[in-house]
Amino acid sequence: MLENKNQDKTDLESLGEFGLIDHLTKHFPLNQKSTIKGIGDDAAVLDFKDKKTVVSTDLLVEGVHFDLSYMPLKHLGYKAVMVNLSDIYAMNAKATQITVSLAVSNRFPLEALEELYAGIALATKIYNVDLVGGDTTSSQTGLIISITAIGEAIAEDIVYRSGAKENDLLVVTGDLGGAYMGLQVLEREKEVYKVNPNSQPDLEPYSYILERQLKPEARKDIFELFKKLEVHPTAMIDISDGLSSEILHLCKNSKVGCNLYEEKIPLDPTVISACEEFKIDSTLVALSGGEDYELLFTLDQKEFPKIKGNPNLTVVGHMTADNEGAHLVSRNNSKIPLTAQGWNSFAKT
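Enquirer: Hey, could you run me through the side chain of D268 in this one?
Expert: Along the chain, the position of D268 falls in the loop between β9 (257–261) and α8 (269–278). Of the side chains bearing the opposite charge, R212 lies closest to the buried D268, which forms no salt bridge; the N-O distance is 7.8 Å. Of the polar contacts made by the side chain of D268, one reaches the side chain of T270; its length is 2.7 Å. Not counting residues up to four positions away in its chain, the partners in contact with D268 are D175 and Y208.

Enquirer: Quick question: what am I supposed to make of the packing of aromatic side chains here?
Expert: Applying the stated criterion across every chain yields a total of three aromatic pairs. Taking the centre distance of 5.0 Å and the plane angle of 80° together, the rings of F226 and F297 count as edge-to-face. Of this pair, F226 sits in helix α6 (residues 220–229) while F297 sits in strand β10 (residues 294–299); the two residues are 71 residues apart in sequence, bridging distant segments of the chain. Exposure class is identical for F226 and F297. Each is buried. Clustering of aromatic rings is evident, with ring pairs tying together Y89, Y127 and F223. The residue whose ring lies beneath K215 is Y78, and the NZ or CZ to ring-centre distance is 4.2 Å.

Enquirer: Help me understand the packing of helix α4 (residues 178–195) against helix α5 (residues 207–214) in this model?
Expert: Think of two packed helices as two axes; the pair is described by the angle between the axes and how far apart they sit. Contact pair α4 / α5: the axes reach a minimum separation of 7 Å and the direction vectors enclose 100°. Comparing the axis directions of α4 and α5 gives the class roughly perpendicular. For the pair α4 and α5, contact is made by G178, A179, M181, G182, L183, V185 and L186 and by I209, L210, R212, Q213 and L214, respectively. Here the contact of α4 with α5 is composed, by residue class, of eight nonpolar, three polar and one charged.

Enquirer: Got a minute to help me understand helix α3 (residues 110–126) in this structure?
Expert: Every α-helical turn comprises 3.6 residues, leaving residues that sit three or four positions apart pointing alike. For α3, which comprises 17 residues, the first-to-last C-alpha distance of 24 Å matches the rise-based estimate of 24 Å (1.5 Å per residue) to within 8%. Along α3, the residues that are buried comprise L110, E111, A112, L113, L116, Y117, G119, I120, A123 and T124. One or two steps after α3, the chain reaches N128, where phi turns positive at roughly 55°.

Rules and cut-offs
- Residues numbered from 1 in each chain as written.
- Predicted model: local features only at pLDDT ≥ 70, side-chain atom pairs only at ≥ 80, totals over all residues.
- Heavy atoms only, no water.
- Helix = DSSP H or I, 4+ residues; strand = E, 2+ residues; numbered from the N terminus.
- Buried < 20%, exposed > 50% of the residue type's maximum accessible area, 1.4 Å probe, protein only.
- Lys, Arg positive; Asp, Glu negative; His and termini not counted.
- Salt bridge = Lys/Arg side-chain N within 4 Å of Asp/Glu carboxyl O.
- Polar contact = N/O pair within 3.5 Å; in protein donor to acceptor, adjacent residues only side chain to side chain.
- Contact = heavy atoms within 4.5 Å.
- Phe/Tyr/Trp six-rings, centres within 6.5 Å; stacked < 30°, edge-to-face > 60°.
- Lys NZ or Arg CZ within 6 Å of the ring centre and 35° of its normal.
- Axes fitted to C-alpha atoms, helices over the stretch in contact; angles between N-to-C directions.
- Parallel < 35°, antiparallel > 145°, perpendicular 65-115°, else oblique.
- Nonpolar A, V, L, I, M, F, W, Y, C, P; charged D, E, K, R; others polar.
- Expected span 1.5 Å × (residues − 1).

The following block contains the structure:
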């Protein structure tokens, strides 16, 4: 449902590329001191003075990363920003600016793109980042969104994937698996709708996991929590492709092994009940589901007292010697090698 079919539609051709950019971005204020020049020239001008700049970019393609039959455009705009800000926070950096580029087909009127940009605007306001540039072009295959996120950090604060050491604690933020189970509910209801377009599903019991899928939040609060607690992770990554994949990235980059304890993996009760309903193993969902946009990090054991009892953080395991490999320690205490079964955009369907 792209737009209300009773509304008037404005053809993008009537605005042209630059007119479209001007129209969609005219209500984006600049709030960051590091933004010297935003949209309106050949390039943005940023000044971070003595801080390091971190940059990350992601591409979202209709039919691969999102389905507009159940993803509202405003939610899509918001989520597209979150996907990128999450990478900045995973470096223990402050997100400051974004650029947004679109390839859009002629089936989208101006009003649809206004909805998309309303979501982008909400994200920039809540997370205090400036929109400073981008591009638009036509597409023959639907909607493509590319967002680049820029951030700043003091050199010694930046956390890479390569700093984990043997015996470091393995910690996750929030809970896992909700986004994947929200997707299962949406896909199921899409199939029901195809058979019976008049059906009205009761989605209230799934509100938490639907929000996890449709409107995730990047963990800016954790970046701020580290400073408050005076905690410095030794390695960090965001959980976009599933817990197992991200753990294996940390192990590979840091040249260590890992023991992940199944009983410690944080699962929301809604996720557990949805897994039971769909007859899916909840541990598998947490390991391989993806799109949670939580943070996974390692921490020196001597810093454990600083995070002990914090409701935002869960210790799920510890790092081991490289030659021990990465394992899941099951509830019955058997060790199972961790494999990467998370999201792969090049997998054949």
